[in-house]
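Topology and contacts: notes
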Amino acid sequence: KYENEVRLLNVNVKGKGEHENIPIPNAVEAIYFGVNCSDDDIKMIKNVMSNKTNVTFYRMVKDDKCFGKIKDVCI
């Protein structure tokens, strides 16, 4: 709630593991990758999202100026 994000879930308990996509234009505005996220995972997610033109990608990195803090860097 505090991040103003919405997650939609469609579950069919009697289903066969299939799911239904619900198209929501511009639903994802930004993706933040954690400090420990691998380069391969970032590349894969960016590839999956390549058809979305309005998505900004950030990577969280250790802040060298402030011990114990992290900051986001646009990638």
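This text follows the structure it describes.
Procedures and definitions
- Residues numbered from 1 in each chain as written.
- Predicted model: local features only at pLDDT ≥ 70, side-chain atom pairs only at ≥ 80, totals over all residues.
- Heavy atoms only, no water.
- Core = buried A, V, L, I, M, F, W, Y, C linked by side-chain atoms within 4.5 Å.
- Buried < 20%, exposed > 50% of the residue type's maximum accessible area, 1.4 Å probe, protein only.
- Contact = heavy atoms within 4.5 Å.
- Helix = DSSP H or I, 4+ residues; strand = E, 2+ residues; numbered from the N terminus.
- Pairing = 2+ DSSP bridges.
- Right-handed = clockwise from strand over helix to strand, strands pointing away.

Some thoughts on the nonpolar core
One finds Ile31, Phe33, Cys37, Ile42, Met49, Val55 and Phe57 forming the largest nonpolar core, which totals seven residues. Every residue in contact with Met49, bar those within four places of it in the chain, is listed here: Val28, Ile31, Val55 and Phe57.

Re the pairing of strand β1 (residues 30-33)
Along β1, the buried face is formed by Ile31 and Phe33; none of Ala30 and Tyr32, which line the opposite face, is buried. Here β1 pairs with strand β2 (residues 56-62) via four bridges, running parallel. Across the sheet, residue Ala30 finds its bridge partner in β2, namely Thr56. A crossover links β1 with its parallel partner β2, the connecting element being helix α1 (residues 39-48), and its sense is right-handed.

A few points about the environment of Ala30
Here Ala30 is to be found in strand β1. With a relative accessible area of 31%, Ala30 lands in the partly exposed category. Considered as a pair, Ala30 and Tyr58 are 28 residues apart in the sequence and their alpha carbons are 7.5 Å apart. Contacts of Ala30, omitting those with residues within four sequence positions, involve Val55, Thr56 and Tyr58.

Quick word on the pairing of β2
For β2 and strand β3 (residues 70-74), the ladder comprises five bridges, and the chain directions are antiparallel. Pairing of Met60 across the sheet is with Asp72, part of β3.

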